[in-house]
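Commentary on secondary and tertiary structure
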Amino acid sequence: MNFFDELKWRGLIKDLSSPDLEKKLNEESVTFYWGTDPTADSLHLGHYSSLVTAKRLARAGHHPILLVGGATGLIGDPRPTAEREIIAYDTVKKNLEGISNQVSRLFDGNVTIVNNYDWTKDYSFIDFLRDTGKYININYMLDKDIIRRRLDSGITYAEFSYTLLQGNDFVHLFEHYNCILQAAGSDQWGNITTGIELIKKKLGKEAYGFTMPLILDKMGNKFGKSEGNALWLDKNKTSSYELYQYLINTDDEMVIHYLKVFTFLSVEEIEYIEKRHKEHPELREAQTALAHEIIRDLHGEEEYQNALSMSKALFSGDISKLSGKEILEAFKDVPKEILYSDMNIVDMLVEKKICSSKREAREFVGSGTISINGKKITDLETIVSKNMAMEGKYVIVRRGKKKYYLLEYK
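Rules used in this analysis
- Residues numbered from 1 in each chain as written.
- Predicted model: local features only at pLDDT ≥ 70, side-chain atom pairs only at ≥ 80, totals over all residues.
- Heavy atoms only, no water.
- Helix = DSSP H or I, 4+ residues; strand = E, 2+ residues; numbered from the N terminus.
- Expected span 1.5 Å × (residues − 1).
- Buried < 20%, exposed > 50% of the residue type's maximum accessible area, 1.4 Å probe, protein only.
- Contact = heavy atoms within 4.5 Å.
- Polar contact = N/O pair within 3.5 Å; in protein donor to acceptor, adjacent residues only side chain to side chain.
- Phe/Tyr/Trp six-rings, centres within 6.5 Å; stacked < 30°, edge-to-face > 60°.
- Lys NZ or Arg CZ within 6 Å of the ring centre and 35° of its normal.
- Salt bridge = Lys/Arg side-chain N within 4 Å of Asp/Glu carboxyl O.
- Pairing = 2+ DSSP bridges.
- Axes fitted to C-alpha atoms, helices over the stretch in contact; angles between N-to-C directions.
- Parallel < 35°, antiparallel > 145°, perpendicular 65-115°, else oblique.
- Left-handed = near helix turned anticlockwise from the far one by under 90°.
- Patch = residues over 30% accessible without salt bridge, like charges linked within 9 Å, V, L, I, M, F, W, Y side chains within 5 Å.
- Areas by Shrake-Rupley, 256 points an atom, 1.4 Å probe, with all protein chains shown as cover.

Attention now moves to helix 10 (residues 162–177). End to end, helix 10 covers 22 Å across 16 residues, agreeing with the expected 22 Å (1.5 Å per residue, within 8%). Here helix 10 lies mainly inside the structure; 13 of its 16 residues are buried.

Following this line, the structure appears as structure tokens:
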């Protein structure tokens, strides 16, 4: 299987500008770029399929350029439904620095990072119309899918012009970096082809592009969304434990597809995991491999092992060895209450709304359903005290098998 065939096997090719690209990727070393606008100070898991594909191209001997849109980010790529809010200059600058540092780490510094604001900021409007707008027919722009879908609801001139700005980026990179290929998600196909058209008309040269399919979950939602929130690649915004929990719970029907898209495991390794997964899906070996590969690539082996240890501790109920930092990570989304003094166990369960009444609290304690910091409580006279708190501060109450509450002494 050659390199291009492997890309297709992994499901990474949706649109292709020319069949000639297959030979170039297999037999030559090309410079390519992937771009993103700095709408936040971190990329999220939805970006990761494109980043992994860029790393895959780099490992095959092609040279990656990351374009961070300091200029295009000030305008905003058209969305299918409504116009994006304008981002302040200072915010764009801060986000740009965050993303640039993040990508540099992911590529171990072996990536060229550029900012399109550098070649756009001094470009006069007249020059832009003469040098770029002159070459693109208005009907050509109207035929772009993302623009066509917005015509009924309305689209501003700023958004309408975005495809010209991105096309001009491709021209600049072609001229100054010998960049002949743009790779991106499928929603960028219209902008990619604008750049190819500009290079052909302005320079008389041929450039190339391909897109990757949008990665979705079983329900058709974007991969990397957790209850409406993005899972960030910055571990300070989304911990490795949170990422582990999302990935280990991947649907059985989707996990092999994700292994192909998001990991550097070989064809043979994935086929072996797929065979094991079909025979024993209950072992969740495929999900474990997915979590291991992604977290290790993003944050390193130690972060993965820490996330695994936290998960095992919570599953078993043996949470006594968790650090304060790990406690806050693991119980980030559980109900939280403040403890100001020592309390009888029954009174505490009712006051902190863990149980609805003293009768219910006594029943739960008597049946061994309540545990504190991993230890089952069965004595109704138990006093919850600061001496019981982990690190002298945290009291973790578990009711049943899955309901957790975090109490903190003040």
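Here the focus is unusual backbone geometry. For Asn373, which is not glycine, the phi dihedral falls at a positive 50°. Note on placement: Asn373 falls in the loop between strand 11 (370–372) and strand 12 (375–377). Positive phi outside glycine occurs at Glu391, with the angle close to 55°. Along the chain, Glu391 turns up in the loop between strand 13 (383–384) and strand 14 (394–399). Overall, the relative accessible area of 59% leaves Glu391 in the exposed class.

By secondary structure assignment, the location of Ile99 is in helix 4 (residues 89–106). Owing to a relative accessible area of 1%, Ile99 belongs among the buried residues under this scheme. Put simply, Ile99 and Leu66 are 33 residues apart on the chain and 10.0 Å apart in space, counted from C-alpha to C-alpha. If near-sequence neighbours (up to four positions away) are discounted, Ile99 is found in contact with Thr36, Asp37, Pro38, Ala40, Asp41, Ser42, Leu43 and Val68.

Next up on the list: the side chain of Thr211. Tracing the backbone through its elements, the reader meets Thr211 in strand 6 (residues 208–212). Here Thr211 falls in the buried class, since its relative accessible area comes to 0%. Of the polar contacts made by the side chain of Thr211, one reaches the side chain of Asp15; its length is 2.6 Å. Filtering out sequence-adjacent residues up to four positions away, Thr211 remains in contact with Leu12, Ile13, Lys14, Asp15, Ala184, Gly185, Ser186, Trp189 and Ile192.

Time to look at the packing of aromatic side chains. Evaluation of the coordinates by the stated rule reveals 6 aromatic pairs. Look at Phe331 and Tyr404: their rings are 5.1 Å apart centre to centre, the planes differ by 55°, and that puts the pair in the tilted class. Here the residue Phe331 occupies a position in the loop between helix 17 (324–330) and strand 9 (336–339), and Tyr404 occupies one in strand 15 (residues 403–409), the gap between them amounting to 73 residues. Accessibility assignment for this pair places Phe331 and Tyr404 in one class, buried. A network of ring pairs unites the aromatic residues Tyr48, Tyr258 and Phe262 as a single cluster. For Arg59, the ring lying beneath its charged end belongs to Phe264, and the centroid distance is 3.9 Å. Sitting over the face of the ring of Trp232, Lys237 holds its NZ or CZ atom 4.7 Å from the ring centroid.

Turning next to the side chain of Ser385. Mapped onto the elements, Ser385 comes out in the loop between strand 13 and strand 14. Excluding anything up to four places from it in sequence, Ser385 contacts Asp342 and Tyr409.

Time to look at the pattern of salt bridges. A complete count under the given rule lists 24 salt bridges for this structure. One salt bridge connects Lys8 with Asp5, and the closest N-O pair in it is separated by 3.8 Å. In this pair, Lys8 and Asp5 both sit in helix 1 (residues 3–9), 3 residues apart, roughly one turn of the helix. The exposure class of Asp5 is partly exposed, given its relative accessible area of 28%. We note a salt bridge from Lys352 to Glu351, for which the minimum N-O separation is 3.3 Å. By relative accessible area, Glu351 is classed as partly exposed at 46%. Within the structure, one salt-bridge network assembled from shared partners comprises Asp41, Lys94 and Lys237.

Next up on the list: the sheet that holds strand 2 (residues 31–36). As summarised here, the arrangement of the 6 strands in space is 1-6-5-2-3-4, forming an open sheet in which the pairing is mixed. Of all strands in the sheet, those bounded by a partner on one side alone are strand 1 (15–16) and strand 4 (112–115). Direction of pairing for strand 2 relative to strand 5 (residues 179–185): parallel, over a ladder of 3 bridges. When the sheet's bridge partners are listed, Tyr33 is paired in strand 5 with Gln182. Docked against the sheet, helix 2 (residues 20–27) engages strand 1, strand 5 and strand 6, running at close to 90° with respect to strand 6.

Contact geometry for helix 13 (residues 255–262) and helix 15 (residues 285–299): axes closest at 9 Å, N-to-C directions at 25°. By the criterion of interaxial angle, the relationship of helix 13 to helix 15 is roughly parallel. Considering only the axes of helix 13 and helix 15, their crossing is left-handed. On helix 15, the residues touching Val255, Ile256, Tyr258, Leu259 and Phe262 of helix 13 are Ala286, Gln287, Ala289, Leu290 and Ile294.

A surface patch of nonpolar side chains, amounting to about 430 Å² of accessible area, comprises Phe125, Ile126, Leu129 and Tyr157. Broken down by element, the residue count for the nonpolar patch peaks at 3 residues, all from helix 6 (residues 125–131). Note that Ile126 resides in helix 6. For Ile126, a relative accessible area of 53% corresponds to the exposed category.

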